Amino acid sequence: MDLISFVTIGETYPAAKLVMGILMLLFFSFVLYYTRQAKRGKELYVRPIAGLSAMNEAVGRATEMGRPVLYVPGIADMDDIQTIASVVILSEVAKLAASYDTRTIVPTGKPIIFPVAEETVRNAFADAGRPEAFNKDDVRFLSDDQFAFTAGVTGIMLREKPATNIYMGAFWAESLILAETGFLAGAIQIAGTANVSQLPFFVAACDYTLIGEELYAASAYLSREPQLLGSLKGSDTAKLLWGALILIGVILANIPALDDKLESAFGFHFADLFIFPK
Amino acid sequence: MRRTVPLVITFIAGVAMIVSFFVNDGTVLSVASSKVKEWGIIIAGFAVVLGTGNIVRVTLHKAKRGEDRPFKIVLLVCLFATMFLGLFFGIDKEIRSTWMNFGMFEREYNPFYWIYFNIQLPLGATMFSLLVFYITSAAYRAFRVRSIEAGILLTTAVIVMLGQIPISSAIGADKVMAWIMVVPNVAAKRAIFMGAAMGIASMSLKIILGIERSYLGGDS
């Protein structure tokens, strides 16, 4: 089947790129619209997310027990959006821990994340009004080898006995080794990843798990900043639109006569609009 | 200024990356975007020095205090020995001149690679193999039937496991397993993928527009 395409400024592009561009602009408009609404003071409802609601309790538990909080930002590099989301959550968690006078240990698996995490935790302690409580030995680079990093983190769990383990970001085969060691060490554990293949491991071994998009919603949820909440509302609205498009696709796929009518009227099938060149 | 400059750079780079997706390969923008990605690799190279410095500082600090001193010494010796061998013998897989072969390296491996193949890889494989025990203990807890959901999970898991064994076709478990894997499993996975994709797009937009700026640190 030939891909339907369009020509502009002398170049030929697949139509799917145009459709994607339009959908992206729509999505951006939703986000910007709701962000503006939130700025003007409109109340926005965000459904409770158990894993994030438990964050306060988990850090509080570490404080009561006089033990540190362990925050693992995943093993992907800084160019992975999950790591960026994780650093944003780290800022909130470290601020919370600093306000309770609790240590936050952050082992990093990529050298470029190390200075970012160090700066984030340092600033979080300063924001919480306790810059002197920041211990630069608590943010550590361990190794960029997957299992050397895992061995290092499990060693910290067993030696320093953190009361709370938080795993946020991109994880692969090491997810269950980390989560089970944390479970055996008796820590309360909160995990969050968008790596679908690792979710079952976290669900089985952790007390709370943020699934997929909840990881990206965490910073808005924890900070409660109206602008960030507005962007959440915007992406939820876009999701409704995507759902409607999927429903149309399902209907047309199951009623070929209707799809053929559309094809004879416009010259292409509905599904052709979303096919990318290989 | 401390925050404005990074925000401006983020905005320009973010918009350029988005636009580069919509233009054809070979155009100035697509070439520029691949160049920017190369810069990231170079910056990461410099960050290795920072990371190594941190390892040495933290380890020395702990060794001085007497915390796990023998392990800290092993770490530092291994770190510097590997670094020295890498600097001295280079990064070619096989050593170039025979005098460098002390008779202990199979296939005339560079000692740097000898360490990699004979120490680091087996240690990594050992850590990975621990996974099988952890899967068993985690599966035991997950499959304990304490609710209707856990019961459904257990039933589904048993069917999928039965579908993998040789007699599965005789008892019809292979067909049920195939249906479970292709229909409900893929549907749930796609829902998570779509949600995550929306989350990524939303997060990226927030960062590009400077709405999300906590990764730059606080206002203090």
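Residues numbered from 1 in each chain as written. Chains lettered and ligands numbered in written order. Predicted model: local features only at pLDDT ≥ 70, side-chain atom pairs only at ≥ 80, totals over all residues. Heavy atoms only, no water.

Side note on the interface of chain A and chain B
Here's step 1: Listed per partner, the contact involves 67 residues of chain A and 58 residues of chain B.
Here's step 2: In this assembly, chain A packs against chain B so that about 5300 Å² is buried in total across both faces, 70% of it on carbon and sulfur atoms.
Here's step 3: Together, Asp137(A), Val196(A) and Tyr216(A) form the three largest contributors to the area buried by chain A at its contact with chain B, with a combined 11%.
Here's step 4: Where chain A touches chain B, the interface holds 4 salt bridges.
Here's step 5: Taken together, the connections running from chain A to chain B amount to 13 residue pairs in polar contact (both at pLDDT 80 or more).
Here's step 6: The greatest single-element share of the side of chain A that touches chain B, amounting to 9 residues, is contributed by helix H1 (residues 15-39) of chain A.
Here's step 7: Of the residues that constitute the side of chain A that touches chain B, the class distribution is 40 nonpolar, 13 polar and 14 charged. (Contact = heavy atoms within 4.5 Å. Buried area = accessible area lost by both parts, 1.4 Å probe. Salt bridge = Lys/Arg side-chain N within 4 Å of Asp/Glu carboxyl O. Polar contact = N/O pair within 3.5 Å; in protein donor to acceptor, adjacent residues only side chain to side chain. Helix = DSSP H or I, 4+ residues; strand = E, 2+ residues; numbered from the N terminus. Nonpolar A, V, L, I, M, F, W, Y, C, P; charged D, E, K, R; others polar.)

Focus: the layout of surface pockets
Here's step 1: Considering only enclosed or pocket space, the second largest pocket measures out at about 1900 Å³ in volume.
Here's step 2: In terms of lining residues, the second largest pocket is bounded by 42 residues, among which Leu142(A), Ser143(A), Ala148(A), Leu75(B) and Cys78(B) are the most central.
Here's step 3: Of all the secondary-structure elements, those providing two or more residues to the lining of the second largest pocket are strand E5 (139-141) and helix H5 (146-160) of chain A together with helix H2 (28-65), helix H3 (69-89) and helix H4 (111-129) of chain B.
Here's step 4: For the lining of the second largest pocket, the leading source of residues is H3(B), giving 11 residues. (1 Å grid on protein atoms, 1.4 Å probe; cavity = no way out; pocket = protein on both sides within 12 Å on 5 of 7 lines; lining within 4 Å. Points joined across faces, edges and corners; volume = space filled by probe spheres on them.)

Comments concerning the packing of H2(B) against H3(B)
All names here are of chain B.
Here's step 1: Close contact between H2 and H3 brings their axes to 9 Å; oriented N to C, the two are set at 150°. Looking at the two axes, H2 sits roughly antiparallel to H3. Considering only the axes of H2 and H3, their crossing is left-handed. Between H2 and H3, the contacting residues are Thr52, Ile55, Val56, Thr59, Leu60, Lys62, Ala63, Lys64 and Arg65 on the first element and Arg69, Lys72, Leu75, Leu76, Leu79, Phe80 and Met83 on the second.
Here's step 2: Its residues placed into classes, the contact of H2 with H3 shows 9 nonpolar, 2 polar and 5 charged. (Axes fitted to C-alpha atoms, helices over the stretch in contact; angles between N-to-C directions. Parallel < 35°, antiparallel > 145°, perpendicular 65-115°, else oblique. Left-handed = near helix turned anticlockwise from the far one by under 90°.)

Considering the domain arrangement of chain B
Residue and element names in this part refer to chain B.
Here's step 1: Under the domain assignment used here, chain B contains domain 1 (4-130) and domain 2 (133-216).
Here's step 2: At the interface, 9 residues of domain 1 touch 9 residues of domain 2.
Here's step 3: Taken over both partners, the interface formed by domain 1 and domain 2 buries close to 720 Å², and the fraction arising from carbon and sulfur atoms is 75%.
Here's step 4: When the buried area of domain 1 at its contact with domain 2 is split by residue, Leu7, Thr10 and Leu130 rank highest and sum to 63% of it.
Here's step 5: On inspection of domain 1 and its partner domain 2, the count reaches 0 salt bridges.
Here's step 6: Scanning the region where domain 1 abuts domain 2 turns up 2 residue pairs in polar contact (both at pLDDT 80 or more). (Domains from an automatic or database assignment.)

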